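# A closer look at the structure
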Amino acid sequence: MEERECVIALNTVVTVGGRRFADLMRRFGSACAIIRAKEEELRQVKGIGTETAGRIRTLRDGKALMRELQKAEKLGVKIAVQDDRSYPAALLNMVYPPPAIYVLGEVLPSDAFSIAIVGSRRPSHYGRRVAGQMAKNAVKEGLTVVSGMARGIDSAAHEGALAGGGRTIAVLGSGIDVIYPPENKELAKKIAENGAVVSEFPFGACPFPQNFPRRNRVISGLALGVVIVQAGETSGALITADFALEQGREVFAVPGEIGNPLSRGTHNLIRQGARLVEGIGDILEELGIPATREHDPPDNSKEVRLSSHEKRVLEQLGFSPMSTDDIVIATGFLPSRVTTTLVSLELKGMATRVSGGYVRT
């Protein structure tokens, strides 16, 4: 095996991440020397136990490498190691870059100008809308949007970037052939056609919980800054923010409603010094990138002709769900009038029914 092939082979051992790979390279000098080393020599390296040493030893016959290369060719996936020109340059600035990166689609040099947008897997309608609009505005400024393709905010960010006609990169916490969540398979296909789906994990790697901090580290590593839209106090999105700070990236937080549990994480970030942002303009200003156009804020209203009843009902709606009964009380309209007006607003794209009532679109 050549050196590049040895790196790919080593990367199939999931327990050999960026840090352990770097430690092994310091000890043995090359990836091929690592594979040739005796188990007792491997175990002398910090973090390399009997199980990992045994897995490295099995790489000598080349079968694991052959399976990986054949799968890559079949799926049209490129595998880039650190010495390859196709390896994302931004990741080389990390303290312990992943040994290899699997890419479905293409990472372009222009993707160095990117922001990450992450947040809760169970956001409010407001959170999804803000993430989508911010991503849409970001790609219109020529930025690439990076996220983790998880449910909720991540998916909304990718969808917003695609809706804006721009590029987006999804970073997985599983093998690139194991799309998670499974309902995002079609989204992953669209992302690969308009950017890239990437992973540091070998083919077949399952989305185990311990993989996601490593995924979050790559998300922040690819971006100039990380935007947290909604996050509870223990949200995984906050791990991405921590990695961003370690890597010297900017951290941005979108404020939310007081008392909403999904606002606690972002508000804590703001207290700790994260930049409060209300739109893409705030991010561009902090990054020193001049804006090229005017952008609608996330709460903009569409220019649609409304009746007096529609205007009155729309005035009551915000980003938190409001029940029909509450709208009746607020407007003084009959329940039948409120119901028909809400249907009309839905048809005009001004209101959306969600769990708990209606919100402004």
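Our subject is the structure listed above.
Everything in this summary refers to the structure shown in the same document. The structure presented is a predicted model; accordingly, all values stated were derived computationally and were not measured. Every chain is numbered on its own, with residues counted from 1 as its sequence reads. Local features in a predicted model are, by the rule used here, given only for residues with pLDDT of at least 70; side-chain atom pairs are given and counted only at 80 or more, and totals for whole chains, interfaces and linings are based on all residues. Hydrogens and water molecules were not included; the side-chain quantities draw on all heavy atoms of the structure.

Pairing of aromatic rings covers Phe, Tyr and Trp, the last through its six-membered ring, and needs centres within 6.5 Å; plane angles under 30 degrees mean stacked, over 60 mean edge-to-face, and all others mean tilted. Under the definition given, this model contains two aromatic pairs. Seen in terms of ring centroids, Y102 and F203 are 5.1 Å apart; in terms of plane orientation they differ by 85 degrees. Their pairing is edge-to-face. One end of the pair, Y102, is in strand β2 (residues 100-105); the other, F203, is in the loop between β6 (195-199) and α10 (211-222), with 101 residues separating them in the sequence. With 6.4 Å between their ring centres and 55 degrees between their planes, Y180 and F212 make a pair best called tilted. Taken as a pair, Y180 in the loop between β5 (168-171) and α9 (185-193) and F212 in helix α10 lie far apart in primary sequence, 32 residues in all. Runs of E in the DSSP output that reach at least two residues are strands. Runs of H or I that reach at least four are helices, and both are numbered from the N terminus.

This part takes up the nonpolar core. We define a nonpolar core as any set of buried Ala, Val, Leu, Ile, Met, Phe, Trp, Tyr and Cys residues linked to one another through side-chain atoms lying within 4.5 Å. For the exposure calls, accessible area comes from a 1.4 Å probe over protein chains only, and a residue counts as buried if that area is under 20% of its type's maximum, exposed if over 50%, partly exposed in between. Judged by nonpolar contacts, the single largest core of 41 residues is most densely connected at L10, L24, F28, L42, I56, M149 and V197. Only α1 (3-11), α2 (18-28), α3 (31-36), α5 (50-57), α6 (63-75), β1 (78-81), β2 and α9 provide two or more residues apiece to this core. Residues are treated as being in contact if the distance between any of their heavy atoms lies within 4.5 Å. Setting aside chain neighbours within four positions, we find I56 in contact with L10, V13, V16, L24, I34, I35 and L42. By size, the runner-up hydrophobic cluster in this structure holds 28 residues, among which are A80, I101, A116 and L238.

With that settled, consider the pattern of salt bridges. Salt bridge, as used here, is a side-chain nitrogen of Lys or Arg placed within 4 Å of a carboxyl oxygen of Asp or Glu. In total, this model carries 14 salt bridges according to the counting rule given. K348 is the partner of E310 in a salt bridge, and the nearest nitrogen-oxygen pair spans 2.9 Å. One end of the pair, E310, is in helix α14 (residues 308-316); the other, K348, is in the loop between α16 (335-347) and β10 (351-354), with 38 residues separating them in the sequence. What you see here is one network of salt bridges that share partners, running through R275, D282, E285 and E286.

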